[in-house]
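Spelled out from the first residue to the last, the chains are:
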Amino acid sequence: GVRSAMPGYIARKLCPELVFVDLHFDRYRAASACVRSVLETYDPDVRFMSLDEAYMDLSRYLQTIPSRCPHNGGPDFLCCFPASYGGVKGDPDVPCEPPDLDPEPDEDGDQLDDEDEHGAEEEETHDKQLQIHDKQLQSSKRPRIARLAARVVLRARHEIFLKTGLTASAGIAVTPMLAKICTNRNKPNGQYMLAPTLRAVQTMVAALPCRAVPGIGKVTAQILAAIGVATCADILTHRVMLSQLFSPISFDFFLRAALGLPPAPAATRPRLSIGTERTFGALEGPAALLAKCAEICRKLAVAVDEANVEGRVVGLKLKSTDFRVASRAVTLPNHVHARADIERQAASLLRREMQLHPRMRVRLMGVRLTSLRPRSNERFRDIRAACVPTSLPHSPHAPAPPSAHPSPAPAPAPA
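A brief report on the enclosed structure follows. (Residues numbered from 1 in each chain as written. Predicted model: local features only at pLDDT ≥ 70, side-chain atom pairs only at ≥ 80, totals over all residues. Heavy atoms only, no water.)

### So, the overall build of the chain
Right, so step 1: When helices and strands are counted, the chain shows 14 helices and 8 strands.
Right, so step 2: Counting across all 415 residues of the chain, residues that qualify as buried make up 33%.
Right, so step 3: Within the chain, contacts between residues separated by at least 24 positions form 57% of all contacts whose residues are at least 6 apart in sequence.
Right, so step 4: For the chain, the computed accessible surface area is about 26,300 Å², with 55% contributed by carbon and sulfur atoms. (Helix = DSSP H or I, 4+ residues; strand = E, 2+ residues; numbered from the N terminus. Buried < 20%, exposed > 50% of the residue type's maximum accessible area, 1.4 Å probe, protein only. Contact = heavy atoms within 4.5 Å. Areas by Shrake-Rupley, 256 points an atom, 1.4 Å probe, with all protein chains shown as cover.)

### A few points about the pattern of salt bridges
Right, so step 1: Scanning all chains against the criterion turns up 15 salt bridges.
Right, so step 2: We note a salt bridge from Lys180 to Glu53, for which the minimum N-O separation is 2.9 Å. Here Lys180 is found in helix H6 (residues 176–183), whereas its partner Glu53 is found in strand E2 (residues 53–55), with 127 residues between them in sequence.
Right, so step 3: Where Arg344 meets Asp341, a salt bridge forms, and the shortest distance between an N and an O atom there is 2.6 Å. Highlighted residues: Arg344 and Asp341, both in helix H13 (residues 339–356), separated by 3 residues, approximately one helical turn.
Right, so step 4: Look at Asp341 and you get partly exposed, because its relative accessible area is 24%. (Salt bridge = Lys/Arg side-chain N within 4 Å of Asp/Glu carboxyl O.)

### Concerning the pairing of strand E6 (residues 309–320)
Right, so step 1: Burial within E6 is extensive, with 9 of its 12 residues counted as buried.
Right, so step 2: For E6 and strand E8 (residues 362–374), the ladder comprises 11 bridges, and the chain directions are antiparallel. Following the sheet pairing, Val314 is matched in E8 by Leu369.
Right, so step 3: Relative to strand E7 (residues 325–336), E6 runs antiparallel, the two sharing 8 bridges. Looking at the pairing, Lys317 lines up with Ser327 of E7.
Right, so step 4: Linking E6 back to E7 in an antiparallel pair, the connection comprises 4 residues, with Phe323 at a positive phi of about 70°. (Pairing = 2+ DSSP bridges.)

### Quick notes on the packing of aromatic side chains
Right, so step 1: Throughout the structure, instances matching the rule amount to 5 aromatic pairs.
Right, so step 2: Ring geometry for Tyr42 and Tyr61: centres 5.0 Å apart, planes at 65°, overall edge-to-face. Of the two residues, Tyr42 is situated in the loop between helix H2 (25–39) and strand E1 (47–50) and Tyr61 in helix H3 (residues 59–68); the sequence distance between them amounts to 19 residues.
Right, so step 3: Using a relative accessible area of 4% as the deciding quantity, one classes Tyr42 as buried.
Right, so step 4: Site record: aromatic cluster; members linked through ring pairs are Phe246, Phe253 and Phe254. (Phe/Tyr/Trp six-rings, centres within 6.5 Å; stacked < 30°, edge-to-face > 60°.)

### What about the pairing of E1?
Right, so step 1: Sheet topology note: the E1/E2 ladder contains 3 bridges and is antiparallel. Each residue of the ladder has a partner; that of Arg47, found in E2, is Tyr55.
Right, so step 2: Following E1, the chain reverses through 2 residues before pairing antiparallel with E2.

### Topic: the sheet that holds E8
Right, so step 1: Taken in spatial order, the 4 strands of this open sheet run E5-E8-E6-E7, and their pairing is antiparallel. Pairing within the sheet leaves two strands with one partner each, and these edge strands are strand E5 (273–283) and E7. Recorded for the sheet is a direction-independent mean angle of 15° between the axes of neighbouring strands.
Right, so step 2: Helix H12 (residues 286–307) contacts E5, E6 and E8 of the sheet and is inclined by roughly 155° relative to E5. (Axes fitted to C-alpha atoms, helices over the stretch in contact; angles between N-to-C directions.)

### Observations regarding the environment of Pro286
Right, so step 1: Topologically, Pro286 is positioned in helix H12.
Right, so step 2: Distance from Pro286 to Pro358, taken between C-alpha atoms, is 9.0 Å for residues 72 residues apart in sequence.

### A short note on the side chain of Thr175
Right, so step 1: For Thr175, the location among the structural elements is in the loop between strand E3 (170–172) and H6.
Right, so step 2: Classification of Thr175 by relative accessible area gives buried; the value is 8%.
Right, so step 3: Sequence-distant contacts of Thr175, defined by excluding residues within four places in its chain, comprise Gly260, Leu261 and Pro262.

### A word on the environment of Phe280
Right, so step 1: Secondary-structure assignment places Phe280 in strand E5.
Right, so step 2: Given the relative accessible area of 14%, Phe280 is considered buried.
Right, so step 3: Along the sequence, Phe280 and Arg363 sit 83 residues apart, while their C-alpha atoms lie 5.3 Å from each other.
Right, so step 4: Discounting residues that sit within four places of it in the chain, Phe280 has contacts with Lys292, Val362, Arg363, Leu364 and Met365.

### Focus: the nonpolar core
Right, so step 1: The biggest cluster of nonpolar side chains holds 25 residues, and the ones touching the most others in it are Leu350, Met365, Val367 and Leu369.
Right, so step 2: Those elements giving two or more residues to this core turn out to be E5, H12, E6, E7, H13 and E8.
Right, so step 3: The element that contributes the greatest number of residues to this core is H12, accounting for 6 residues.
Right, so step 4: Excluding anything up to four places from it in sequence, Leu369 contacts Ser273, Ile274, Leu300, Val304, Glu310, Gly311, Val313, Val314, Val336 and Ile342.
Right, so step 5: In terms of nonpolar packing, the next biggest core, distinct from the first, is built from 23 residues, Cys210, Leu224, Phe254 and Ala257 among them. (Core = buried A, V, L, I, M, F, W, Y, C linked by side-chain atoms within 4.5 Å.)

Spelled out as structure tokens, the structure:
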């Protein structure tokens, strides 16, 4: 029953002999940076959703391939891949310089060591994958450009392997949502391409379970199943009912997912809140809880400074070991952004909660700042002006200050 993203203490109860490996986020970030450097050669605007998940738009790269190829062969750039790699049939007489995909020999001159043998096995796996891709794309209206995209992704995956020693899975489709779904079709070390045709997209999406759509969680899937909606095809069948049961935003999301369309462009809205929360082993006692609160407030203050905002409401969230959640908030007379101000209010809320529950054992704590507004120095001009002393030494070269009792204005001349 142990699964990914499960809290550690629950996993230990399910499996007491479970072995926990220490985390090394510095190594994870370094490997992620290497992967980013590879992917940025294909899409400078690659979007990383986490350390190990990224989205690339290959449209611009595929359009520039003719200019990269000396003989200006367009989609025939496929010949630039070595004939021995990935099942791509290369032409040795073509004057294109192939990318360096073969492992370099070591000092003894041996081409394959243990790691290189792994690379050779991976090449054989990729060879089978490309044969599958070719069969899938035979009915495509644009098979050559589709095959080209598959081989570009294959090359990117191999470059990641050579640079980091890590394998990668990939999905290729016309929208980010479909690409993410395709990524799960050929794990742990493969790629899957959805043919870029309307018929292929509709066929795949129609049979797709709602739970497989990114953004539809376990609870939402259960609600949909209760009204007879199990697949994306059912969303279209029951679209009238869904439009009445869900908000317009949710209904639009469901409908776009069922049609295989990308999500609607997000409207630019001002940020309403900013917060930081952490999950940890069970803590109890004022000293431990206040220390954790101070740590979270320091992280929140950094985020507030980066966002250049300030807020008027400070909120505290606590989750106990028995999964009870408590949320408390205080509204301040003025907006704040300094760490000391945030920490003082959060600590006050925490002390009040500890008085009500002296034996409280906490496993999650979060601090949030809401009722935000941009932080600007302009609104302090009046305050600074009021603090400037009025009796300053008069300079002979400076204009005389206005008299405290100005003479009355002359009476207007009679008409």
